[in-house]
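# Residue-level structural notes
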Amino acid sequence: MSELLNTKHQHIESLDVAPDGLVALATSSLTGEVWDGRLVVLRCAADAARAEVIASVETEVGNAAVAWAGPGLVASGDDAGNVTVWRFGTGAAGAAGDEERLPVAVYSEHDQAVTCVACAPGGARLASGSADGTVRVWACGAAAQAERCLQHKPAEPWLECGVAAAAWLSAELLSTCDEEGKVRLWDLRVPAAVRAVAREGCGSGCLAPLDETSLASGTRAGDVAIHDLRSGSGGRAGQHITSRRVSLGRGAVRCLSARPGGAPLAAAGHADGSLSLVDLSTLAARPVPAAHSDVVSGVGWLPPSDGAHASLLSCGWDKRLVATEVQ
């Protein structure tokens, strides 16, 4: 286990790993009456024992979400309801000029804080979810209004139903989950977009696409569920998805990431600071040695070097980014 970064004064709220191994972080800190924050891009060493900050930018409000939107492009979501696409220079440390850190596009249609951002395969579309209960789909990098607004409606009209997570399964299929525990599959090729629904029975906090036909979600009850999306493809809007689940016996699952390639394995980060690994074939779960002293807010996998074990990255409210070797 290696500590790669300690932000000292800012919670790390989210992380995303690019295919080339660059890591983007979103941070926030409470200063008086508002949150301010920072976006950070790092390059990790091949052995994941250390990392170099190669670009960063300060923001006036805190950032809750981050996702790679293409080579050198990072999308972020903040507490003021804005979604921003940034262009970062990713060469040697300090080599990027200020012009390379200016926003490419800013989207400001959400009424409340942005809770998640996700970029579709190929980078053409960007989805953002918000505490206002909407998911908006944007043409990534284009300064224009959202092309779709997808509504998570609460069970009762007086209840709030914030969106917790969004994940793309393909360029046209988007999955989302909300605080009421509903996981939705949206088919953006048709006007009536909701194709299928899974009900968790308790709040859902995170999603991890496994392939175009299956999806994992984590819940406040500490469960991980595997959803078979083929069970919701019968053509009837709102059809229910069949699911398998495992209880991890720990705190709420706050973040989830499937390991790319190799054995079917997912990492889960918990509200109590712990980490778990789940075998997606058998649903057998095992703990990971304690890495954090507060909420784990993000997990992701570094691409393995030749002959190396996979490295799991985790970040949290304890202000640390940690790498853990996974056998």
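For the structure itself, look to the data block above.
Our next topic: the pattern of salt bridges. Under the counting rule described, the total for this entry stands at eight salt bridges. In this structure, the salt-bridge partner of Arg-125 is Glu-172, at a minimum N-O distance of 2.9 Å. Of this pair, Arg-125 sits in strand β11 (residues 125-130) while Glu-172 sits in the loop between β14 (163-168) and β15 (173-178), placing them 47 residues apart in sequence. Under the relative-accessibility criterion, Arg-125 is labelled buried at 15%. Overlapping salt bridges, with partners in common, bring together Glu-3, Asp-318 and Arg-320 in one network.

Let's shift gears to the packing of aromatic side chains. For the structure shown, the criterion picks out one aromatic pair. Each ring, one from Tyr-107 and one from Trp-138, has its centre 4.4 Å from the other, and the planes form 15°; the classification is stacked. Of the two residues, Tyr-107 sits in strand β9 (residues 103-107) while Trp-138 sits in strand β12 (residues 134-139), which places them 31 residues apart along the sequence. Each member of the pair, Tyr-107 as well as Trp-138, carries the same accessibility label: buried.

This part takes up the pairing of β15. The buried count for β15 comes to six of six residues, which makes it a mostly enclosed element. Residues of β15 alternate between two faces, with Leu-173, Ser-175 and Cys-177 on one and Leu-174, Thr-176 and Asp-178 on the opposite face, all of them buried. Of the strand pairs in this sheet, β14 and β15 are connected by five bridges, and their pairing is antiparallel. Bridge pairing in β15 links Ala-165 to Cys-177.

Reading the values: the criteria
- Residues numbered from 1 in each chain as written.
- Predicted model: local features only at pLDDT ≥ 70, side-chain atom pairs only at ≥ 80, totals over all residues.
- Heavy atoms only, no water.
- Salt bridge = Lys/Arg side-chain N within 4 Å of Asp/Glu carboxyl O.
- Helix = DSSP H or I, 4+ residues; strand = E, 2+ residues; numbered from the N terminus.
- Buried < 20%, exposed > 50% of the residue type's maximum accessible area, 1.4 Å probe, protein only.
- Phe/Tyr/Trp six-rings, centres within 6.5 Å; stacked < 30°, edge-to-face > 60°.
- Pairing = 2+ DSSP bridges.

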